[in-house]
Amino acid sequence: MEQVNKYYFELTIEFQNDYKVSNLEKLLNLKAYELVELKDSVGPVKTAKFFYRTGELKDIYSDEAFEEFINELKPHLISLQPILKSERGHINFCIVFTALNDKPIIGLSSETIKTLAELNASYEVDFT
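The sections below set out a description of the structure shown in this document. Bear in mind the structure is a predicted one, so any value in this text is a computation, not a measurement. (Residues numbered from 1 in each chain as written. Predicted model: local features only at pLDDT ≥ 70, side-chain atom pairs only at ≥ 80, totals over all residues. Heavy atoms only, no water.)

Next up on the list: unusual backbone geometry. The backbone of asparagine 29 sits at a positive phi, close to 55 degrees, despite the residue not being glycine. By secondary structure assignment, the location of asparagine 29 is in the loop between α1 (23–28) and β2 (34–36). Phi is positive for arginine 88, which is not a glycine, with a value near 55 degrees. Along the chain, arginine 88 falls in the loop between α3 (81–86) and β5 (89–99). (Helix = DSSP H or I, 4+ residues; strand = E, 2+ residues; numbered from the N terminus.)

We now examine the packing of helix α2 (residues 63–79) against helix α4 (residues 110–118). Packing of α2 against α4 leaves a shortest axis separation of 10 Å and a crossing angle of 25 degrees. Taken together, α2 and α4 sit at an angle that is classed as roughly parallel. When the axes of α2 and α4 are compared, the crossing they make is left-handed. Packed against α2, whose contacting residues are Phe66, Glu67, Ile70, Asn71, Lys74 and Ile78, the element α4 presents Glu111, Thr112, Thr115, Leu116 and Glu118 at the interface. In terms of residue class, the contact of α2 with α4 is made up of four nonpolar, three polar and four charged. (Axes fitted to C-alpha atoms, helices over the stretch in contact; angles between N-to-C directions. Parallel < 35°, antiparallel > 145°, perpendicular 65-115°, else oblique. Left-handed = near helix turned anticlockwise from the far one by under 90°. Contact = heavy atoms within 4.5 Å. Nonpolar A, V, L, I, M, F, W, Y, C, P; charged D, E, K, R; others polar.)

This brings us to the environment of asparagine 92. Along the chain, asparagine 92 falls in strand β5. For asparagine 92, a relative accessible area of 11% corresponds to the buried category. In contact with asparagine 92, not counting residues within four places along its chain, are Glu10, Leu11, Thr12, Ser122, Tyr123 and Glu124. A polar side-chain atom of asparagine 92 sits 2.6 Å from a polar atom in the side chain of serine 122. A polar side-chain atom of asparagine 92 sits 2.9 Å from a polar atom in the side chain of glutamate 124. (Buried < 20%, exposed > 50% of the residue type's maximum accessible area, 1.4 Å probe, protein only. Polar contact = N/O pair within 3.5 Å; in protein donor to acceptor, adjacent residues only side chain to side chain.)

Before going further, it helps to spend a moment on the nonpolar core. Across soluble globular proteins, nonpolar side chains have a tendency to be buried as a group. Residues Leu11, Ile13, Phe50, Phe69, Leu77, Ile91 and Phe93 are the most contacted members of the largest nonpolar core, which totals 29 residues. Those elements giving two or more residues to this core turn out to be β1 (5–15), α1, β3 (48–53), α2 and β5. Contacts of leucine 11, omitting those with residues within four sequence positions, involve Leu30, Phe50, Phe51, Tyr52, Phe69, Leu73, Leu77, Ile91, Asn92 and Phe93. (Core = buried A, V, L, I, M, F, W, Y, C linked by side-chain atoms within 4.5 Å.)

All right, on to the side chain of threonine 54 then. By the element assignment, threonine 54 lies in the loop between β3 and β4 (57–59). For threonine 54, a relative accessible area of 18% gives the class buried. If sequence neighbours within four positions are ignored, threonine 54 has contacts with Tyr8, Phe9 and Phe69.

The next point concerns the environment of alanine 65. The residue alanine 65 is located in helix α2 in this model. We classify alanine 65 as partly exposed; its relative accessible area is 25%. Remark: the alpha-carbon pair of alanine 65 and phenylalanine 9, spanning 56 residues in sequence, is separated by 9.2 Å. In contact with alanine 65, not counting residues within four places along its chain, are Tyr7 and Phe9.

As structure tokens, then:
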């Protein structure tokens with residue numbers, strides 16, 4: 001058995017205001033895997049949502065790849081800050097583990113933490 005974990009990274013951008021999330025594909029130069037307009041939002045807190053994810057990755061270590069993922073998106077997300085502020089938006093990054101063959105590495109470097117703070121972004125880990 002291969003001693004690697006399988007995972008992907010996900011970027012979610014949510015807006016409390018009725019922001020047209022399809023605009024983010026052009027602004028960020030990313031193809032969303034799902035878009036949810038405010039009118040289609042379900043649950044008690046309605047938000048418009050933009051979802052982007054990488055393809056499946058395989059490695060024991062996910063921390064360095066996660067830092068690279070965030071750093072690649074950082075310039076685009078920095079330029080998005082005025083829209084996030086005016087439209088009551090928020091950025092969330094997630095590492096989603098789909099198969100575990102070893103203990104996952106989910107630590108964040110101080111540089112990654114600084115970048116998340118600059119973007120006013122949250123971070124989570126999920127297991128499917």
